[in-house]
Amino acid sequence: MSQAVKCLILLAVVALFFVTELIPLAVTAMAGAIACGLLGLIPAKQVFSGLANSTVVLFAGMFVVGGAMFYTGLAQSVGNQVVRMCGKGENSLMFGLMVVGTCLSSVLSNTGTAACLLPVALGICSAAKIPASRQLMPLAFACGWGGIITMVGTPPNIIATGAMAEAGLETFGFFEFAWIGIPLSIAGMLYMMFIGKYLLPKAELDADQEIEQEIEANETTKSKQIVSGIILLAVVFVMAIGIPGVTLEIAAVIGALICVLTGCLTEKQAYASIDWVTIFLFAGMMPVSKAMDVTGAGALIADWTVGLMGGSPSPLVVTAILFILSCGLTQFMSNTASAALLCPIGIAISQNLGADPKAVLMAIAVAASCAFASPVGTPPNTLVLGPGGYKFMDYVKAGTGLIVVCFVVSLVIIPMVWPFFPGK
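Bear in mind the structure is a predicted one, so any value in this text is a computation, not a measurement.

(A) Main features of the overall build of the protein chain. On a plain count of helices and strands, the protein chain comes out with 20 helices and 0 strands. If you line up the protein chain on its principal axes, its C-alpha atoms span 70 × 50 × 45 Å. Taking all 424 residues of the protein chain together, 55% fall into the buried category. Within the protein chain, counting contacts between residues at least 6 apart in sequence, those at least 24 apart form 81% of the total. Of the roughly 17,100 Å² that the protein chain leaves accessible, carbon and sulfur atoms contribute 70%. Taken as two groups, the 16 positive and 20 negative side-chain charges of the protein chain have centres that lie 3 Å from each other.

Here it is as structure tokens:
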């Protein structure tokens, strides 16, 4: 049995445990990473490499910065202000959060956007007496589709542009992605407002109540609220302007350290504010994603799918199938890995058909950002898993329909903006 087949079997087992939740999600993810090492799919020294990944460090840092907003009472104050502006209606709050998430993630890291908005969203939910599970998933989804709007909003867009350049083809412009990103964002918000919200869980969260009780038990001062707010804004600003040598995770950790040093929260509270389920879930799946790449399991799926298209499929069929394949892979692989795997394949197939690769690569990049049906497909989804009290199937229920909407919109818009045979 080849290593690629072993990896596919392991992925199927991991997916089964994710769906059934017979054991905790974080345990499944870490067990999957260990299995990759025991089966020889990756070197043993890489089994726990996910714990040192920059995104994991970013998560931890932003959890602490967000925790400071709670322990000082700033998140609650912000929540009260938003409630006064939007009212306590679930729909108006959901719409407001999605608009903010979409706009910020179009120019900022969607991971950083979700991490920064998470404590604000929890404060809003607490003030409006709405379960956080009704708002956090729409926020995460908005950060996902918002990243499609510009070249720097999400890694797949950059990868698609780089693949075009490497092949000696005309590349995408910075705002060219907005032609599909904006329609997808509008369609996504309409879906969540009129359909998706009915598929979200309604359970109240004990964690939220514990945070509220701790806030009430501590005497918070206005000065500490101001300090925690300034720290958050400074972290976001540094992330936005991209200071050389200061990465997202460095900015987040510096912010977390300053929060503790200024007394916005204690060291114990800083540790408690980190959602360790999220940390281990994401860290555990990274070696599995790496195994799919190095063993050729991901390429095996791609080759098999392309083989089903026959000798000379139409460009629209190629676009549709590669969209489905990219979207399927990104539910369990990183969107970066999915795009990197499929972009060269998309260019080769397009050139063989004599078609412009732009439409196919745009579909691959967009689909790689449509990781809505899994908590491990994209960092924003993972980030809200613990605070939202979600189960794996909650993402499947709410996210599958959203993927279908994105698929339909993409097949309509993409060929119109990027014709397969321009000039004919």
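(B) Up close: the side chain of Thr319. The residue Thr319 is located in helix α16 (residues 315–330) in this model. Polar side-chain contacts of Thr319 include one of 2.8 Å to the backbone oxygen of Pro315. Setting aside residues no more than four positions away along its own chain, Thr319 makes contact with Ala359, Val360, Ala363, Leu411 and Phe420.

(C) Molecular detail of a nonpolar patch on the surface. On the surface, Ile182, Ile186, Leu190, Phe194, Ile195, Tyr198 and Leu199 cluster together into a nonpolar patch covering about 730 Å² of accessible area. Note on placement: Tyr198 falls in the loop between α9 (178–194) and α10 (206–217).

(D) Spatial organisation of the environment of Ala44. Take Ala44: it is sitting in the loop between α2 (25–38) and α3 (54–71). For Ala44, a relative accessible area of 61% puts it in the exposed group. When the C-alpha positions of Ala44 and Ile34 are compared, they lie 8.3 Å apart, and in sequence the two are 10 residues distant.

(E) Expanded view of the pattern of salt bridges. Per the counting criterion, the structure on display carries 3 salt bridges. The partner of Glu170 in a salt bridge is Lys358, with the nearest N and O atoms 3.8 Å apart. Taken together, the residues Glu170 in the loop between α8 (155–166) and α9 and Lys358 in helix α18 (residues 357–368) connect sequence positions 188 residues apart. Under the relative-accessibility criterion, Glu170 is labelled exposed at 61%.

(F) Region of the structure containing the packing of aromatic side chains. For the structure on display, the rule yields 7 aromatic pairs. Seen from their ring centres, Trp145 and Phe372 are 6.4 Å apart, and the 70 degrees between their planes marks the pair as edge-to-face. With Trp145 in helix α7 (residues 136–146) and Phe372 in the loop between α18 and α19 (379–388), this residue pair connects regions lying 227 residues apart in the sequence. Pair check on accessibility: Trp145 and Phe372 agree, each one buried. Judged by centre distance (5.6 Å) and plane angle (70 degrees), the rings of Tyr390 and Tyr395 are edge-to-face. For Tyr390, a relative accessible area of 6% translates into the label buried. Members of the aromatic cluster, joined through ring pairs, are Phe141, Trp145 and Phe372.

(G) Helix α6 (residues 110–128), seen in detail. Between its first and last C-alpha, α6 extends 25 Å over 19 residues, near the 27 Å set by a 1.5 Å rise per residue. Within α6, the axis deviates most sharply at Leu118, by approximately 35 degrees, and proline Pro119 lies no more than four positions further along. Burial runs high along α6: 19 of the 19 residues are buried.

(H) Inspection of the packing of α3 against helix α11 (residues 222–241) at higher detail. One can describe the packing of α3 onto α11 by two numbers: an axis separation of 8 Å at closest approach and a directional angle of 150 degrees. In terms of axis orientation, α3 runs roughly antiparallel to α11. For α3 against α11, the interelement crossing comes out left-handed. Contacts between α3 and α11 pair Leu58, Met62, Val65, Ala68 and Met69 from the former with Ser228, Leu232, Val235 and Met239 from the latter. Tallied by class, the residues present in the contact of α3 with α11 amount to 8 nonpolar, 1 polar and no charged.

What counts, and where the lines are drawn
Within each chain, residue numbers correspond to sequence positions counted from 1 in written order. Residue-level local features of this predicted model are given only where pLDDT is at least 70; pairs of side-chain atoms are given and counted only at 80 or more, and the full residue set underlies all totals for whole chains, interfaces and linings. Hydrogens and water molecules were not included; the side-chain quantities draw on all heavy atoms of the structure. Secondary structure counts use DSSP, requiring at least four H or I residues in a row for a helix and at least two E residues in a row for a strand, with both numbered from the N terminus. Whether a residue is buried, partly exposed or exposed follows from its accessible area with a 1.4 Å probe, protein chains only, as a fraction of its type maximum: under 20%, in between, or over 50%, in that order. Whether two residues touch is decided by their heavy atoms; if any such pair falls within 4.5 Å, the residues are in contact. The method behind every accessible area is Shrake-Rupley, applied with a 1.4 Å probe, and residues are considered shielded solely by the protein chains displayed. Positive residues here are Lys and Arg, negative ones are Asp and Glu, while His and the chain termini are left out of the count. To locate a charge, take atom NZ for lysine, CZ for arginine, CG for aspartate or CD for glutamate. We define a polar contact as two N or O atoms separated by no more than 3.5 Å, with the added condition that, inside protein, one atom must be a possible hydrogen donor and the other a possible acceptor, whereas residues neighbouring each other in sequence contribute only through side-chain atom pairs. Patches in this entry comprise residues that are over 30% relatively accessible and not in a salt bridge; like charges within 9 Å are linked, as are nonpolar side chains (Val, Leu, Ile, Met, Phe, Trp, Tyr) within 5 Å. We count a salt bridge whenever a side-chain nitrogen from Lys or Arg sits within 4 Å of a carboxyl oxygen from Asp or Glu. Aromatic rings from Phe, Tyr and Trp, with only the six-membered ring used for Trp, were paired whenever their centres fell within 6.5 Å, and each pair was classed as stacked if the ring planes differed by under 30 degrees, edge-to-face if by over 60, and tilted otherwise. Residue count minus one, scaled by 1.5 Å, sets the expected span of a helix. In this analysis the local bend is the angle between axes fitted, respectively, to the seven residues ending at and the seven residues starting at the residue. Fitted lines through C-alpha atoms serve as axes, helices being fitted only where they are in contact, and the angles separating the N-to-C directions of these axes extend from 0 to 180 degrees. With respect to orientation, any angle under 35 degrees is reported as roughly parallel, any angle over 145 as roughly antiparallel, any angle of 65 to 115 as roughly perpendicular, and every other angle as oblique. Take the far helix as your reference; a near helix turned counterclockwise from it by less than a right angle gives a left-handed crossing, and one turned clockwise gives a right-handed crossing. Residue polarity is assigned by list, with Asp, Glu, Lys and Arg as charged and Ala, Val, Leu, Ile, Met, Phe, Trp, Tyr, Cys and Pro as nonpolar; anything else, Gly included, falls into the polar class.

Geometric descriptors of this kind do not, in isolation, establish any biological role.
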